[in-house]
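Chain residues, written in single-letter form:
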Amino acid sequence: MKNYQIATLVGAIFTTLLGCQTPVPAKMSDASLVINNSDDAKISQQLAKQALSSRLSYDIVESLTVEVGPRLAGTDKDIMAVDWAMEKLWSLGFDKVYKESVQVPAWSRGSAHASIVAPYEQPLVVTALGGSVATPVNGIQAQIVRFDSLEELSNASPGRIEGKIVFIDRKTERHITGKGYGEAVGGRSRGAIVAAQKGALAIVIRSIGTDHDRMAHTGMMRYEEGTPKIPAAAMSNPDADLINAMLKRNPNITLSLNMTSENLGIATSYNVIAEVTGSSKPDEIVLIGAHLDSWDEGTGAIDDGAGVAIVTTAAKLIQDLPQKPARTIRVVLYAAEEVGLVGGKAYAAQHADELGKHYIAAESDFGAGPIYKIDFNVNPATFEQVKQQHSAITLNGVELGNNKASGGPDVSMLPALGVPVASLNQDGTDYFDYHHTPNDTLDKIDPKKLAQSAAAYVQFAYMMAQSEIDLRPVTEQKDQH
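Residues numbered from 1 in each chain as written. Predicted model: local features only at pLDDT ≥ 70, side-chain atom pairs only at ≥ 80, totals over all residues. Heavy atoms only, no water.

1. Digging into empty space enclosed by the protein
Applying the stated criterion to the full structure yields two cavities of 30 Å³ or more. Taken as a whole, the largest cavity holds about 60 Å³ of empty space. Every residue along the wall of the largest cavity is listed here: Ser294, Trp295, Glu297, Gly298, Gly300, Asp303, Glu338, His436, Thr437 and Asp440. Grouping the constituent residues of the lining of the largest cavity by class yields one nonpolar, five polar and four charged. The volume enclosed by the second largest cavity comes to roughly 40 Å³. Residue lining of the second largest cavity: Ala41, Ser44, Gln389, His390, Ser391, Ala392, Ile393, Gln459 and Met463, and that is the complete set. Of all elements in the fold, only α2 (39-53) and α14 (447-466) reach the threshold of two or more residues within the lining of the second largest cavity. Of the residues belonging to the lining of the second largest cavity, the class tally is four nonpolar, five polar and no charged. (1 Å grid on protein atoms, 1.4 Å probe; cavity = no way out; pocket = protein on both sides within 12 Å on 5 of 7 lines; lining within 4 Å. Points joined across faces, edges and corners; volume = space filled by probe spheres on them. Nonpolar A, V, L, I, M, F, W, Y, C, P; charged D, E, K, R; others polar. Helix = DSSP H or I, 4+ residues; strand = E, 2+ residues; numbered from the N terminus.)

2. Remarks on the nonpolar core
Counting residues in each nonpolar core, the largest one holds 103 residues, and the members touching the most others are Val166, Ile288, Leu292, Leu333, Ile360, Ile445 and Phe460. It is α14 that provides the largest number of residues to this core, a total of 12 residues. Ignoring any residue separated from it by four or fewer positions in sequence, one finds Val166 in contact with Val145, Phe147, Leu153, Ile161, Ala195, Ala200, Ala202, Ile203 and Val204. Counting residues in each nonpolar core, the second largest holds 35 residues, with Leu72, Ala142, Ile165 and Ile243 among its members. (Core = buried A, V, L, I, M, F, W, Y, C linked by side-chain atoms within 4.5 Å. Buried < 20%, exposed > 50% of the residue type's maximum accessible area, 1.4 Å probe, protein only. Contact = heavy atoms within 4.5 Å.)

3. Considerations on the UniProt feature "domain: Peptidase M28" (unreviewed entry) in the chain
Following the UniProt record, one finds the feature "domain: Peptidase M28" (unreviewed entry) at residues 271-459. This span, residues 271-459, is 28% helix and 24% strand, and a straight line between its end C-alpha atoms measures 25 Å. (UniProt positions renumbered as here; feature names shortened; annotations may be inferred.)

4. Quick notes on the packing of aromatic side chains
Tallying each qualifying case throughout the model produces seven aromatic pairs. An angle of 10° between the planes, with centres 4.6 Å apart, marks the rings of Tyr181 and Phe432 as stacked. With a gap of 251 residues between them, Tyr181 in helix α7 (residues 179-184) and Phe432 in helix α13 (residues 431-434) connect regions that are remote in the sequence. The same class applies to Tyr181 as to Phe432, namely buried. Through a chain of ring-to-ring contacts, the aromatic side chains of Tyr181, Phe366, Tyr431 and Phe432 assemble into a single cluster. The aromatic ring of Tyr270 is capped on one face by Lys99, whose charged end is 4.4 Å from the ring centroid. In this arrangement the basic side chain of Arg327 is found over the ring face of Tyr359, its NZ or CZ atom lying 3.6 Å from the centre. (Phe/Tyr/Trp six-rings, centres within 6.5 Å; stacked < 30°, edge-to-face > 60°. Lys NZ or Arg CZ within 6 Å of the ring centre and 35° of its normal.)

5. A closer look at the pattern of salt bridges
Per the counting criterion, the structure on display carries 21 salt bridges. Across the pair Lys96 and Glu275 runs a salt bridge whose closest N-O atoms are separated by 3.9 Å. Of the two residues, Lys96 sits in strand β1 (residues 96-108) while Glu275 sits in strand β10 (residues 262-276), which places them 179 residues apart along the sequence. Asp433 is paired through a salt bridge with Arg174; the nearest N and O atoms lie 3.0 Å apart. In this pair, Asp433 sits in helix α13 while Arg174 sits in the loop between β6 (165-168) and α7, placing the two residues 259 residues apart along the sequence. Through salt bridges with shared partners, a single ionic network connects Arg146, Asp148, Asp169, Arg206 and Asp241. (Salt bridge = Lys/Arg side-chain N within 4 Å of Asp/Glu carboxyl O.)

Spelled out as structure tokens, the structure:
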């Protein structure tokens, strides 16, 4: 029997013993790989078994979404989330729990209303994009000018755009990796800048989402110094389709837009941190993170309550071991990720003197789907050793991937600072159905899939805390999500 067949059989037995509907092991990229059977690997498998049979991860995200709910950075609910996290982490018995202040932009969504007023009167479902200014008090009424993409808008002559409302109609393609989001999101983040430079009065984009629900997807947009600030909104995908159908009948479509959003200056938030103190190398750190803030329209269950639950559960299971691992496990619940990776940047700056002691970092911020692959960004000379070290994770349905990881949004700046990272890739096929909408709620989470992700994280964190492999220097960061 070949090694891959043995691994598949062992994985099937492992899954049966756990009584859990985890995926069968993904086909390994190296069919000659033999499952690591060291004492550390056996402990990691036992930790995974505990994660798979526990409801802790689901209980944590339920607690956050029910007791706090939406937690937009810079608001009172954001501070409630910080207090919730401090209390929760202390109650779980971590060796250290503390918070570090972060200055974050504060913004109020207000209301947003839009409709087609000529020639076909129809209401539209819209939402303000994060950071947008308001319209004038009486709103804006102007003709729509449609573009397939930000690139087409960039290449358009100002004469087509001046005095009109720009409509970017870029569809987001569904994919397990979520790569369609990265291909479409430029219109949301930079569309207002380009449109304003060409004389537009406002911009409305097709939501950056893969759903067919009549819900608009919010998300952060940007302005640029020296360019007029124009209102920016997203409309639901069905409403974008509706406008396209109108434009086929009449090229002169007039849209009315009224928004009351407001920028409120700077507020104080916090990165919340918990630690499992290492037994022999306590000053060396394995960082596993998630972001605590969310947008304000849903309850932030998949983005990123699930991530908070996954990494907290992983660290809690390691905390409860009779013998702590060599390195410190540090859980970082980042502030204000949604409004510009603010907590991640603050952490990198505040911990600059100890980044050399960060052995590896990873962040969970892609919903509650199961993890199907783990990538690394480590010393290329030791990458194969790292894969072999983690081979037991394949028994939990996780494929060993490449050496091009970004690590996740809030740790994406760390490779450039010399910190190795890993990306534990979750199935994001339906993630952008709910992302940044009122539909981001607890019912979208399958407890078994969430537990599988926690199991993968606990195996990764424990093996890294025990590792003797030299992970530096890291490769150049190549992929971004």
